[in-house]
Amino acid sequence: KDRFFAVFFVFVGLGDMVSRRVGYCFALRTYRSNMAALLFGLACCAIGMYLTTLGVGLVAWLSVFLAFWGQGFNYAVASK
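The numbering scheme is per chain: residues are counted from 1 as the chain's sequence reads. Under the rules for a predicted model, residues below a pLDDT of 70 receive no local features and side-chain atom pairs below 80 are neither given nor counted, while totals for whole chains, interfaces and linings still include all residues. Calculated side-chain values reflect all of the structure's heavy atoms, with hydrogen atoms and water omitted.

Peer 1: Is there a simple way to explain the packing of helix α1 (residues 2–25) against helix α3 (residues 57–78) in this structure?
Peer 2: Think of two packed helices as two axes; the pair is described by the angle between the axes and how far apart they sit. What counts as an axis is a line fitted to C-alpha atoms, over the stretch in contact for a helix, and the angles between N-to-C directions run from 0 to 180 degrees. Helix and strand definitions follow DSSP, with helices as H or I runs of at least four residues and strands as E runs of at least two, each counted in order from the N terminus. The interhelical angle for the contact between α1 and α3, taken along N-to-C directions, is 30 degrees, at an axis separation of 7 Å. With respect to α3, the axis of α1 lies roughly parallel. Every pair of crossing elements has a handedness; the one defined by α1 and α3 is right-handed. Between 65 and 115 degrees an angle is taken as roughly perpendicular, under 35 as roughly parallel, over 145 as roughly antiparallel, and anywhere else as oblique. Each crossing gets its handedness from the near helix: less than a right angle anticlockwise from the far helix is left-handed, clockwise is right-handed.

Here it is in structure tokens:
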């Protein structure tokens, strides 16, 4: 149980930290490109949260990575 959550929170951190770096790399110059990037992040969050409801252990690591990827990506895009 403890090992599962240790790996779980590693995926939380990686999803958030890596996606912020990736989000800053995109040159978003138009309103449309900013909205597309934000919608991509929102879709990642929604899919990640949906996968979390499945309640499968291995899927939980992917789902939390995806959910926090979307959160970090949206933070990076919105703060530029």
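Peer 1: Just checking my understanding: could you explain the nonpolar core for this structure?
Peer 2: If you look at soluble globular proteins, the nonpolar side chains tend to sit buried side by side. Take the buried residues of types Ala, Val, Leu, Ile, Met, Phe, Trp, Tyr and Cys, join any two whose side-chain atoms come within 4.5 Å, and each joined set is a nonpolar core. To sort residues, take the accessible area from a 1.4 Å probe on protein chains only and compare it with the maximum for the residue type: under 20% means buried, over 50% means exposed, and anything in between is partly exposed. Ranked by size, the top nonpolar core spans five residues in total: A37, C44, W69, F73 and V77. Sorting the residues of this core by element identifies α2 (31–52) and α3 as the ones contributing at least two each. Broken down by element, the residue count for this core peaks at three residues, all from α3. Not counting chain neighbours up to four residues away, the residues in contact with W69 comprise G15, D16, V18, S19, V22, F40 and C44. Throughout, a residue-residue contact means that at least one pair of heavy atoms, one from each residue, lies within 4.5 Å.

Peer 1: Even after reading the chapter, I still don't get the environment of W61, so can you show me in this structure?
Peer 2: Checked against the element boundaries, W61 lands in helix α3. Between the alpha carbons of W61 and M49 there is a distance of 11 Å; along the sequence they are twelve residues apart. Every residue in contact with W61, bar those within four places of it in the chain, is listed here: F4, V7, F8 and F11.

Peer 1: What exactly am I supposed to notice about the state of the cysteines here?
Peer 2: Note: disulfide means a covalent bond formed between the sulfur atoms of two cysteine side chains. In this description, a disulfide is simply a cysteine sulfur pair whose atoms lie within 2.5 Å. Across all of its chains, the model carries zero disulfides by this definition. The structure places no disulfide on C25, whose sulfur is separated from the nearest cysteine sulfur, that of C44, by 16 Å. By relative accessible area, which is 67% here, C25 ends up exposed.

Take it as geometry only, folks, not as evidence of what the structure does.
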